[in-house]
Amino acid sequence: MATSEVDAKCSDMKFNVRTVHDGFSASLVEDDDVELDNYLLAYKEIYNFFQLMGKVFGFVASDVKSKIEILEELRRGENGEQFLTLKKMIKYESENGLLEKSDYTSGCRTLLRLHRGLDFIRLFLQKVGELRDEDKTCKVCQDAYNTTLAQFHPWLIRKGAIVAMHALPTRGGLLQKICRPEEVQHTIDLLPKMLQVTAEAYDRTHKCYTDNNLHGLP
């Protein structure tokens, strides 16, 4: 079976905070728009994080992978320029009646799922950054999940996710799992800046969905 593009991009299997920071930073275009190619570049690295954590984040990893691939396919398609930025995508799909079309995979609906997942991972990493190396990460992960993604998941997935999180290591153990030894301190140092620009990308996206009344897309 051929390796997918997302898997090939993540084959290094170490989490690079700089890639996330630079991708989301470059995605911030104009005063309030989000450029999708760089947004997806950053999100591929977040997917890498999910992969490194194994089954713990299995409830979200496969969904993230499929959503990234759908949006990349839309960018490569004949109407790819309409998916250059978030605002262009919303305008194109809204004006052409594509949000309600049953046989069409909506980019707006797809990105909304990634947006919700980003809320979870940024809150989790923010809380991890506040821990000591010897502190367990299970509780802060459960808290982040219950505050964000859990509200969109059925009971069975919620229960399985909460149970799986008991396998999470301490903060020190998590950093060792996702980083090369020589990059642990660099990751710790850069994490606040990465979270700041991630929050800006999240807030811009959230406002676009709010302004266009799209948070309720099924």
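As shown above, the structure is provided for reference.
Residues numbered from 1 in each chain as written. Predicted model: local features only at pLDDT ≥ 70, side-chain atom pairs only at ≥ 80, totals over all residues. Heavy atoms only, no water.

S.K.: Please set out the packing of aromatic side chains residue by residue, giving values where relevant.
M.R.: A full pass over the atoms with the stated rule returns 15 aromatic pairs. A ring pair is formed by F120 and F124, whose centres lie 6.3 Å apart and whose planes are at 10°; its orientation type is stacked. You can see F120 and its partner F124 sitting in helix α6 (residues 107–129), four residues apart, about one turn around the helix. We note that F120, like F124, is buried. (Phe/Tyr/Trp six-rings, centres within 6.5 Å; stacked < 30°, edge-to-face > 60°. Helix = DSSP H or I, 4+ residues; strand = E, 2+ residues; numbered from the N terminus. Buried < 20%, exposed > 50% of the residue type's maximum accessible area, 1.4 Å probe, protein only.)

S.K.: So what about unusual backbone geometry? Which residues, and what values?
M.R.: Positive phi, close to 55°, is recorded for E30, a residue that is not glycine. As for its placement among the helices and strands, E30 is situated in the loop between β1 (28–29) and β2 (33–34). In this structure, N213 takes a positive phi of about 55° despite not being glycine. Topologically, N213 is positioned in the segment after α10 (184–211). Residue N213 is classed as exposed on the basis of its relative accessible area of 70%.

S.K.: Quick rundown of the pattern of salt bridges? Include the residues and the values.
M.R.: As enumerated under the stated definition, the model contains 16 salt bridges in all. Close ionic contact of R132 with D135 constitutes a salt bridge, the shortest N to O distance being 2.9 Å. A residue is classified by how much of its surface remains accessible, and D135, at 17% relative accessible area, is buried. For the salt bridge of R180 with E183, the shortest nitrogen-to-oxygen distance reads 4.0 Å. We classify R180 as partly exposed; its relative accessible area is 27%. For E183, a relative accessible area of 27% gives the class partly exposed. Three or more residues are tied together by salt bridges with common partners; here these are R132, E134 and D135. (Salt bridge = Lys/Arg side-chain N within 4 Å of Asp/Glu carboxyl O.)

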